[in-house]
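Structure assessment
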There are 2 protein chains.
Amino acid sequence: MSLDGERRARVALSFLAQPGDPVLWAALQIMTPVELLAVITGADEDGDAALTDQLPDPALERIMPRWRERLGEVPSVARLDAWQESGMRVIIPGDAEWPTQLDDLGAVRPLALWARGTADLRTACLNSVSMVGSRAATAYGNHVALEMAAILAEHDLGVVSGGAFGIDASAHRGALAADGLTVAVLAGGLNHGYPQGHSQLFAAVARQGALVSECPPDRAPTRPGFLVRNRLIAGLGRGTVVVEAALRSGALNTAKHARELIRPVMAVPGPVTSEYSAGCHELIRDYGAMLVTCARDVLDHLVPPGAGSLAGPRCGPSRPRDSLDPVTTAVLEQVPVRGARGPASIAVRAGVDLDTAVRCLGALQTEGFVTRGSTGWMTARRDAR
Amino acid sequence: MSLDGERRARVALSFLAQPGDPVLWAALQIMTPVELLAVITGADEDGDAALTDQLPDPALERIMPRWRERLGEVPSVARLDAWQESGMRVIIPGDAEWPTQLDDLGAVRPLALWARGTADLRTACLNSVSMVGSRAATAYGNHVALEMAAILAEHDLGVVSGGAFGIDASAHRGALAADGLTVAVLAGGLNHGYPQGHSQLFAAVARQGALVSECPPDRAPTRPGFLVRNRLIAGLGRGTVVVEAALRSGALNTAKHARELIRPVMAVPGPVTSEYSAGCHELIRDYGAMLVTCARDVLDHLVPPGAGSLAGPRCGPSRPRDSLDPVTTAVLEQVPVRGARGPASIAVRAGVDLDTAVRCLGALQTEGFVTRGSTGWMTARRDAR
C-alpha cells in the first residue's frame, strides 16, 4: 500500500482519533490532515500555535495528549501491506473509488474508508438506496426488506445497509439473492466484522459488493460508533428507506442524517399495533418521510418522472471514456464489442488480478460502458443510449 | 307530523326523486322545493316554463314524466304520522336539529333527512368524526376501528359511519362500548335497515345515537345509492378516518368527499402485504391524507393546538341560552344546578316524552349547558368555562 503524504496522514489520524471526534473535525476545518498530523507528532510548532489559537483550550488540552499517546498505534507500511494482501484497501478523497456523495457530509466527512470486496465503492453507491431498520425486526419487516431489496437489485439499484441483525441483514440478503450489489457499512473495523454471527453474510457481501468502515481494521465497534456510522449509510445511498423501526431506533438516526443531507427519506408503514412500525409512522406523520409500500414506490422517489432511468447501464455511459483511470481503461479494452468474455479471461488479458477486474467491471457496468450477459461481459451498445 | 309548505315539498320530492339525481339538483338551483313540487304537480305553468328554459331539454324530458308517475307514492299525512309514532322524524334545513355542516355540500345538500334515535343529529355530529373502511375488513382493521372509536368516544367525540359490515360496524360498536354517541348513515330507508344482519346493531345505535337516511323509510338501498350516501358521512363528521380500505373501496369515495369539503382526511396504515390497507396507503402517499395510528392522532388533527378542547362540555356553553328552542329550554330548566336528576324525572317535569328529553339532554351536553354524572344530569358550572 503506497502511502503518499495525504494518504499517510489520513490513515494515521484514523488510528489516533475516533470517528465523530468533534475536536478532530474542528481541527480539520482549520488545517489539512497532513498539517494536523505534523502538529500531533510535534513536527510543526507553528501549526500547534494556530490550533491552540483557534480551538477552545479545554477541548484541545483534553484530546491532544490522547492523540499523542496513540501515535505508537499507527501501523507500519509492512502492516498496511499485510492488510492489503488480505484484501483490504484504503480509499481517501480524491481516489477514483472515493464515493464523492460523502462530500455532502462537509466537515463530518470521514478521513478515509477501509473497504473489502469486489465492488467499486463509488459507482456501486451512486445507484444505491440505503435500507435500514430494527435489529429486533418482525417476520413482516424482514419479509418486506428482503423482497424490496431484491426487486430494487433487479432494477440495478444497490442496497446500502449496516450489516446488523434484523432489517439490515434482510436488506443485504435480498440484494444478494437477486445477484445485485450490496454494501455493508460497519461501525467497527473490517477485521472485527460485527456482529460475529454475520461472518458468512459479510463474506457474501464482499464477494458481491463491498464491506466498508471508517475505522481501522482491528478496532472494535463502540456504542457511540454506531450512531456516527449512520451518517455514512445515509450519505452513501441516493435515499434512505426505513423498513421497520421502533421509536428511538437507531434507524431513525440514519433517517435524520438523510434528511439533513436533503436525500429522500422513505418509510414502510406497518400495523399500528406493532411497536416496530411506530418509528416509521412517526417519520411519515411528523417528519415528512414518504410512505413507500414496495420497490416501485422507492424507484418513483429516486427517479424523477421524465428523467429516464437512473440505472446507468440502460442509458449508456454517463461520463467520457477518457475520464477513466488507467487500470479501468485496461480492463475496458479487454471487454469484447461482439460476443462476451468471462472476468478471469479479461483479468489475464488486462494484466490485473481477478478481484480488480471484477471491481472495474462492476464500475464500468454502473457507468454504462459494459453489460453482463449470461455468458460473460460485453461492451454496451452505443445505440442503447 | 305537521307539514308546512317547505317540509311538505321536501318530503314529497324525496319520494319522487332519487338522492343524487342531477336533474333534481339542477332544478333546485333554479327554484325552491315548493316551486319545483308545484311544477311537477302541474300547478305552476310559469315555473314549468322557467325550468324548460334553463335546464337541458333531454334530461328534463326524461326525468319529469318519472317524477310525475311517482306522485302517487307521496305519503299521506296519516302515513307520515304513523312513521313518526314508530320513532321516526324528518329534519329539514332550518330545523334546530338540521346538521348545518351539511350545508357545506351546497347544491348536493340532501332535501331532508329521516332520523331515528335519541341523539340530536346536529349537536351529535358537531363533535363527531367519520370513520369508514372495508366491508371485508381484517381482524387487524376491526380491532383498530373498535379501539379508536371507543377512545374517541371517551374523549366526547361521536363516531359517524355507514352501518356496513366490517370497519363501519366496528366503529359503531367501539363508540357504543364506550357509552358514546354514534350515528349510522344508511343508504336505504330506515325501515330497510341494510344490512339486515345489523338489526340489533341499528337498534343499539338508535338507543345511543341516531340512524339517519336521506331516503324515504321504505326505500331499498341501491348500488349507486351507497356512493351518494357517502357524501353525507363525509359531510357530517369534522373529519374522516379511513381505517382499512382496499384499492377502489367505497371508503376512498367517502375520503374524496371529505377532501372536497376541505375536512381533514386521515388514514390508518397497515401491513404493506395486506390488500386491505392498500387504499389507506394510497391516500397517504398520493392524496395527502394524514397518517393516524391512534385516537390521539385523530384528536390532534381535529383540535388545533391551543384552541382548547372541542368537546363542548368542558368549555361551557357555546351559544347563548336564549337561542335554544322552547322544548330544549323546557328540558334545560328541569336540570338542577345542585345535585343531579335522572332523565325520566326531567322528562316528566318538562312535560315531554322520555325520548325527547334524552335527545335534548344530549344536545345540551354537546353545547356545554349540562353534564352527565353517575347519578344523573346537572347544569354545567359556569366556572368550568
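So, how was this worked out
The numbering scheme is per chain: residues are counted from 1 as the chain's sequence reads. A letter from A marks each chain and a number from 1 marks each ligand, given out in the order of writing. pLDDT decides what is reported in this predicted model: residues at 70 or higher carry local features, side-chain atom pairs at 80 or more are listed and counted, and totals for whole chains, interfaces and linings draw on all residues regardless. Helix and strand assignments come from DSSP, with helices taken as H or I runs of at least 4 residues and strands as E runs of at least 2, each series counted from the N terminus. The reference for a compact globule is 2.2 Å times residues^0.38; the radius of gyration itself is calculated from the C-alpha atoms. Our contact criterion uses C-beta atoms placed from the backbone: two residues qualify when those atoms are within 7 Å. Here exposure depends only on C-beta density: within 10 Å of a residue's C-beta, 20 or more other C-beta atoms make it buried, 12 or fewer make it exposed, and intermediate numbers make it partly exposed, the C-beta atoms being placed from the backbone. DSSP bridges decide pairing: two strands pair if at least two such bridges lie between them. Throughout, right-handed denotes a crossover for which the path from the first strand over the helix to the second runs clockwise when the strands point away from the viewer. Only residues with pLDDT of at least 70 in both copies contribute their C-alpha atoms to the least-squares superposition of the copies. Note that Gly is not counted as nonpolar here; it falls among the polar residues with everything else outside the nonpolar set of Ala, Val, Leu, Ile, Met, Phe, Trp, Tyr, Cys and Pro and the charged set of Asp, Glu, Lys and Arg. Any nonpolar core is a set of buried residues, restricted to Ala, Val, Leu, Ile, Met, Phe, Trp, Tyr and Cys, that join up through C-beta atoms within 7 Å. Domain start and end points were adopted from an automatic or database domain assignment.

Quick look at the overall build of chain A now. Summing up its helical and strand segments, chain A has 17 helices and eleven strands in all. In summary, chain A has a C-alpha radius of gyration of 21 Å against a globular reference of 21 Å for 385 residues, a match within 12%. With the principal axes as the frame, chain A shows a C-alpha extent of 60 × 60 × 40 Å. Within chain A, counting contacts between residues at least 6 apart in sequence, those at least 24 apart form 72% of the total.

Another aspect to go through is the pairing of strand β4 (residues 158–161) of chain A. All names here are of chain A. Of the two faces of β4, the one holding Gly158 and Val160 and the one holding Val159 and Ser161 are both buried throughout. Direction of pairing for strand β3 (residues 128–132) relative to β4: parallel, over a ladder of three bridges. Note on β4: the bridge partner recorded for Ser128 is Gly158. Handedness of the crossover is the feature at issue here: the chain leaves β3, passes through helix α8 (residues 139–154), returns alongside β4, and the resulting connection is right-handed. Bridge analysis of β4 against strand β5 (residues 182–185) gives three bridges, and the strand direction is parallel. Bridging from a neighbouring strand, Ser161 pairs with Ala184 of β5. Following the chain from β4 across helix α9 (residues 167–177) to the adjacent parallel β5, one finds a crossover that is right-handed.

A few words now on the relation of the copies chain B and chain A. One copy of the chain maps onto the other through a rotation about an axis plus a displacement along that axis. Rotating chain B by 180 degrees about the axis while translating it 0.0 Å along that axis superimposes it on chain A, leaving an RMSD of 0.1 Å. What the rotation and shift describe, once combined, is the action of a two-fold rotation axis. Judged by C-alpha distance, Gly270 of chain B is the residue of chain B that lies nearest the rotation axis, at 2.3 Å. An overlap of 100% is found between the interface residues of chain B and their copies at the interface of chain A, pointing to a shared contact surface.

On to the interface of chain B and chain A, then. Each side of the interface is counted separately: chain B has 15 residues, and chain A has 15 residues. Those elements giving two or more residues to the side of chain B that touches chain A turn out to be α8 (139–154) and α13 (278–287) of chain B. Take the side of chain B that touches chain A: its biggest share by element is three residues, from α13 of chain B. Residue composition of the side of chain B that touches chain A, grouped by class: nine nonpolar, four polar and two charged.

Take the environment of Gly362 of chain A next. Residue and element names in this part refer to chain A. Within the secondary structure layout, Gly362 lies in helix α17 (residues 354–366). Put simply, Gly362 and Thr118 are 244 residues apart on the chain and 8.0 Å apart in space, counted from C-alpha to C-alpha. Excluding its chain neighbours within four sequence positions, the residues that come into contact with Gly362 are Thr118, Ala119, Asp120, Thr123, Ala124 and Leu181.

Here we come to the nonpolar core. If you look at the biggest cluster of nonpolar residues, it comprises 194 residues, and the most contacted ones within it are Ala149, Val183 and Val242 of chain A together with Ala149 of chain B. Excluding its chain neighbours within four sequence positions, the residues that come into contact with Ala149 of chain B are Met131, Val159, Ala171, Gly174 and Ala175 of chain B.

An order of β1-β2-β6-β5-β4-β3-β7-β8-β9 (chain A) is seen for the nine strands of this open sheet, with the pairing classed as mixed. Strands with a single pairing partner mark the edges of an open sheet, and in this sheet they are β1 (88–91) and β9 (290–291) of chain A.

Each assigned domain of chain A is listed here: domain 1 (5–85), domain 2 (117–302) and domain 3 (312–384). Look at where the C-alpha atoms of domain 1 of chain A and domain 3 of chain A centre, and you get two points 39 Å apart.

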